[in-house]
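Structural overview
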Amino acid sequence: NITKDLYIIARGTFTYAHNEYTKYEDQVYKTEWWKSKIGYPTRQQWGYIAEGLFIDDAEVANSPTQFGDYKAGDIKYRDMNGDGVINSLDQVPIGYPDSPEINYGFGATIGYKGFDFNFQFQGSARSSFWINYNKVSPFFNRISSLVSGKQGNTQLAQFIADSYWSESNKDRYAVWPRLSTQSITNNNQTSTWFMRDGSFLRLKLVEAGYTFPEKITKKMGLSNLRVYASATNVFLLSKFDLWDVEKAGDGLGYPLQRVVNIGLNLAC
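To start, this report covers the structure provided alongside it. Quick caveat, the model's predicted, so the values are computed rather than measured.

Some thoughts on the overall build of the protein chain
- The helix and strand inventory of the protein chain stands at 4 helices and 14 strands.
- The C-alpha radius of gyration computed for the protein chain amounts to 26 Å, which surpasses the reference 18 Å derived for 268 residues by more than 25%, pointing to a less compact arrangement than a globule.
- The dimensions of the protein chain, computed from C-alpha atoms along their principal axes, are 85 × 50 × 35 Å.
- Counting over 268 residues, the protein chain shows a buried share of 37%.
- Counting only contacts in the protein chain whose residues sit at least 6 apart along the sequence, the fraction spanning at least 24 positions is 64%.
- Surface summary for the protein chain: the accessible area is close to 15800 Å², and the carbon and sulfur share equals 54%.
- Computing the positive centroid from 28 side-chain charges and the negative centroid from 27, the protein chain places the two 11 Å apart.

So this is what it looks like as structure tokens:
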């Protein structure tokens, strides 16, 4: 309480949860030291380091062997041990764990005479996620409904339409590999290509209200009368801006909604 008319309530929470392997029963890697899980979190992801997209078939032919039927425009991975073959021995720890190690929130309620204002922020940090290649890639045929059994195609997202590898745009660092009507095994590997930062800060709630003085409510035959306006999921700050970061790897589903309310509380 600052004065008889002014009060402030502040609140906050912060959690940090980290774990790591101190012992792990596994084969001994004499040269692939990066395969050891010792010192890494239990939810640490291992994957391939993406060096870019193959520019042409000549580069494909002169590079280490990769996965399935791959061509120019597909993802090129780093041969960590230099044996000329990309396989599980070339997987290294990439990104943060896929569940956040830090979760936090803070907010306050401020009141002055009959007015009140309340806000609440929510956030997380130290997590990574991977864009789901199979679910986000356009033109893949899939059953659109388990009930109808009808086939449907994934829609073309704007960020892919703006930047993808093609014969007319042989961009090694285009956002998306070459387009196809079916999943390409080589591009569906866990790698740094589709890895994204999962940290964010969201204004989860904001509310403003006014409680009428007792002398007014008594004349109306009420013991309390308050009007208010509130909103949830007001805005989001994140390094990832293609869709709501809390949807992680598949952003083509139903989005998180922003809700605005105007209300009246009264008591007789």
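Re the pattern of salt bridges
- Summed over the entire model, instances satisfying the criterion amount to 13 salt bridges.
- The residue Glu246 makes a salt bridge to Arg202 at a minimum N-O spacing of 2.7 Å. Taken together, the residues span a long stretch of sequence, with Glu246 in the loop between strand S13 (224-238) and strand S14 (259-267) and Arg202 in strand S12 (residues 200-211) at a distance of 44 residues.
- Residue Glu246 is classed as partly exposed on the basis of its relative accessible area of 40%.
- Given a relative accessible area of 3%, Arg202 falls into the buried group.

Considering the side chain of Ser191
- With respect to the helices, strands and loops of the structure, Ser191 is situated in the loop between helix H3 (158-162) and strand S11 (195-197).
- When neighbours within four sequence positions are excluded, Ser191 is seen to be in contact with Tyr48, Ala50, Tyr77, Ile94 and Trp130.

A look at the pairing of S13
- Sheet analysis places S12 next to S13, joined by 11 bridges and oriented antiparallel. Within the sheet, the bridge partner assigned to Leu201 lies in S13 and is Leu237.
- Taken together, the 9 bridges between S13 and S14 define a ladder with antiparallel strand orientation. What sits directly across from Ser230, in S14, is Asn261.

Examining a nonpolar patch on the surface
- Judged by side-chain polarity, Ile2, Ile8, Ile110 and Phe117 come together as a nonpolar surface patch covering roughly 360 Å² of accessible area.
- Looking at the secondary structure, you find Ile110 in strand S6 (residues 102-112).

Structural notes on the sheet that holds strand S1 (residues 6-16)
- Read across the sheet, 6 strands follow the order S1-S6-S7-S12-S13-S14 without closing on themselves; strand pairing throughout is antiparallel. Each edge of the sheet is formed by a strand with only one pairing partner; in this case those strands are S1 and S14. Shown here is a sheet whose adjacent strand axes are inclined to one another by a mean of 10°, direction ignored.

Description of the nonpolar core
- By size, the foremost hydrophobic cluster in this structure holds 26 residues, and its most contacted members are Ile75, Tyr77, Ile131, Val136, Phe159, Trp176 and Phe194.
- Among the elements of the structure, strand S3 (50-53), strand S4 (75-77), helix H2 (133-136) and H3 are those that each provide at least two residues to this core.
- Excluding its chain neighbours within four sequence positions, the residues that come into contact with Ile131 are Val136, Trp176, Phe194, Arg196, Phe240, Leu242, Trp243 and Gly249.

Thoughts on the side chain of Asn187
- By secondary structure assignment, the location of Asn187 is in the loop between H3 and S11.
- Reaching out from Asn187, the side chain makes a polar contact with the side chain of Asp74 at a distance of 2.9 Å.
- One polar contact links Asn187 to Asn186, side chain to side chain, over a distance of 3.3 Å.
- Contacts of Asn187, omitting those with residues within four sequence positions, involve Asp74, Ile75, Tyr77, Tyr133, Pro177 and Phe194.

Section: the environment of Ile131
- Looking at where Ile131 falls in the secondary structure, it is placed in the loop between strand S8 (128-130) and H2.
- Under the relative-accessibility criterion, Ile131 is labelled buried at 4%.
- C-alpha of Ile131 to C-alpha of Gly249: the two residues are 118 residues apart in sequence and 3.9 Å apart in space.

Scoring rules and cut-offs
Residues numbered from 1 in each chain as written. Predicted model: local features only at pLDDT ≥ 70, side-chain atom pairs only at ≥ 80, totals over all residues. Heavy atoms only, no water. Helix = DSSP H or I, 4+ residues; strand = E, 2+ residues; numbered from the N terminus. Rg over C-alpha atoms; globule rule 2.2 N^0.38 Å. Buried < 20%, exposed > 50% of the residue type's maximum accessible area, 1.4 Å probe, protein only. Contact = heavy atoms within 4.5 Å. Areas by Shrake-Rupley, 256 points an atom, 1.4 Å probe, with all protein chains shown as cover. Lys, Arg positive; Asp, Glu negative; His and termini not counted. Charge placed at Lys NZ, Arg CZ, Asp CG, Glu CD. Salt bridge = Lys/Arg side-chain N within 4 Å of Asp/Glu carboxyl O. Pairing = 2+ DSSP bridges. Patch = residues over 30% accessible without salt bridge, like charges linked within 9 Å, V, L, I, M, F, W, Y side chains within 5 Å. Axes fitted to C-alpha atoms, helices over the stretch in contact; angles between N-to-C directions. Core = buried A, V, L, I, M, F, W, Y, C linked by side-chain atoms within 4.5 Å. Polar contact = N/O pair within 3.5 Å; in protein donor to acceptor, adjacent residues only side chain to side chain.

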